[in-house]
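Examining the three-dimensional arrangement
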Amino acid sequence: MSTRAPAVAARNLIKTYPGDVTALGGMDLDVDAGTVFGLLGPNGAGKSTTVKILTTLARPDSGTATVAGHDVLRHPDRVRRAIGVVAQKSGADPVSTGRENLLLQGRLYGMRGAAVQRRADELLDRFDLADAAKRQVKGYSGGMQRRLDVALGLVHRPEVLFLDEPTTGLDPEARTAMWDEISRLAGDEGLTIVLTTHYLEEADRLAERIAIVDRGRVVVEGSPDELKGELRGDAVRMELRAEGDARAIDAALTGLPGVYEALVDGRRVSVRAEDGAAAVPVLLAALERAGAAVAAATVARPSLDDVYLRYAGRRFSEAEATDARQAPALAPAGGTR
Ligand SMILES: Nc1ncnc2c1ncn2[C@@H]1O[C@H](COP(=O)(O)OP(=O)(O)OP(=O)(O)O)[C@@H](O)[C@H]1O
Ligand SMILES: [Mg+2]
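Residues numbered from 1 in each chain as written. Chains lettered and ligands numbered in written order. Predicted model: local features only at pLDDT ≥ 70, side-chain atom pairs only at ≥ 80, totals over all residues. Heavy atoms only, no water.

**Re the coordination of the magnesium ion (ligand 2)**
Looking at the metal site, the magnesium ion (ligand 2) is ligated by Ser 48 (OG) and Gln 88 (OE1), spaced 2.0 to 2.1 Å from it. In this pair, Ser 48 is assigned in helix 1 (residues 47–54) and Gln 88 in the loop between strand 6 (83–86) and helix 3 (98–108), connecting sequence segments 40 residues apart. Note on Ser 48: relative accessible area 17%, which makes it buried. With a relative accessible area of 12%, Gln 88 lands in the buried category. (Donors = N, O, S within 2.8 Å, 3.2 Å for Na, K, Ca; no water. Helix = DSSP H or I, 4+ residues; strand = E, 2+ residues; numbered from the N terminus. Buried < 20%, exposed > 50% of the residue type's maximum accessible area, 1.4 Å probe, protein only.)

**Observations concerning the pairing of strand 2 (residues 21–31)**
In the sheet, strand 1 (residues 8–17) pairs with strand 2 via 8 bridges, with the strands oriented antiparallel. Bridge pairing links Thr 16 to Thr 22 in strand 2. (Pairing = 2+ DSSP bridges.)

**Some remarks on the nonpolar core**
Leu 102, Val 150, Leu 161 and Ile 193 are the most contacted members of the largest nonpolar core, which has 35 residues in total. For this core, the elements supplying multiple residues, two or more each, are helix 3, helix 4 (113–126), helix 5 (142–154), strand 7 (160–164), helix 6 (172–186) and strand 8 (192–197). Beyond its immediate sequence surroundings of up to four residues, Leu 161 is in contact with Gly 84, Val 85, Val 86, Val 150, Gly 153, Leu 154, Leu 185, Leu 191, Thr 192, Ile 193 and Val 194. (Core = buried A, V, L, I, M, F, W, Y, C linked by side-chain atoms within 4.5 Å. Contact = heavy atoms within 4.5 Å.)

**Considerations on the pattern of salt bridges**
What the rule picks out here adds up to 20 salt bridges. In this structure, Asp 180 and Arg 205 form a salt bridge, with 3.2 Å as the shortest nitrogen-oxygen distance. With Asp 180 in helix 6 and Arg 205 in helix 7 (residues 200–206), the pair connects residues that are 25 residues apart, well separated along the chain. Among the residues examined, Asp 180 registers a relative accessible area of 34% and is labelled partly exposed. Accessibility expressed as a relative area gives 42% for Arg 205, which makes it partly exposed. Between Arg 184 and Glu 181 there is a salt bridge; the shortest N-O distance is 3.3 Å. Residue Arg 184 and its partner Glu 181 are located together in helix 6, separated by 3 residues, close to a single helical turn. Within this structure, Arg 119, Glu 122 and Arg 157 form a network of salt bridges that share partners. (Salt bridge = Lys/Arg side-chain N within 4 Å of Asp/Glu carboxyl O.)

**Digging into the sheet that holds strand 5 (residues 70–71)**
Pairing between sheet strands relies on hydrogen bonds along the backbone, with the strands arranged either parallel or antiparallel. Taken together, 4 strands build an open sheet; the order of strands is 2-1-4-5 and the sheet is antiparallel. On the outer flanks of this sheet lie strand 2 and strand 5, each paired with one strand and no other. Helix 1 contacts strand 1, strand 2 and strand 4 (62–67) of the sheet and is inclined by roughly 60° relative to strand 2. (Axes fitted to C-alpha atoms, helices over the stretch in contact; angles between N-to-C directions.)

Have a look at this one:
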């Protein structure tokens, strides 16, 4: 446990955009120094807006926040010196080389002479970019570019590193490599990492603590194991042959022994059950009586998706699909960038 001041403390951040868009509706965050913290949420949940406020790139309408002990509104310059930022969209200069980008970044932070050269080479080595150091960044693969972005965020040895969707748009191999990289960084003495993601697996794997964000606020916070552990029993998911009468289905499932928290969503029915395998035949019979035929059923330990479902009232994948349609295209398109 750390005894230092929290790396991030945000209270009741509100941010609206023209057109009555509430990006943040009362965001609260506490991040312990030296930990990896994940902000997990679907498209448009308010992750980037939170990062922009915490990194002094945007102002909240109201609310307060400190980063590395400095108030983001009163001392933005101190905050900027203490943090590294890897934005959702790469900030590297595409026509400069990787090494030139690192040198420029170091000089912007007042590093000079041999010290900045040494730091650039150290980071090129560390992020496996030494061979590409003298090539223009526009020729880098998506994974190389993202690794350079992270290196750029680290040049001046920040206390708190913000990574806004470090792996979106990367292929699975590059994503795994980036995960390893971030895990290694997490071992660096004193470094706090705040990362945003819309990959459940990424949050589960990298973050010691997670805040699940939905529609501009934190719906639940804890370690991945705590969050999953709070959901007793097994998750049983069933797919109906056709959409049924949701009320009748709900009534049929309520009160079945060892079955709780049923959620009907179109053709999908999710319940949690004390013993999933034992519950399946009971559930199938009950649904049959309610006139709903089941096409498929699976039993699993609760996942972060089930945690999200419980607190946000809808599936993560659905929130992604609906919210993405409403939100302007801020996220990069898939594939390499
Ligand atoms: N500059 C802006 N002008 C208007 N609306 C904005 C602006 N930036 C963000 N928004 C809106 O605020 C909400 C939150 O956006 P934000 O970018 O913080 O979400 P996000 O969680 O980072 O999403 P994504 O996963 O797509 O990056 C969305 O509804 C978005 O459309
Ligand atoms: Mg974003």
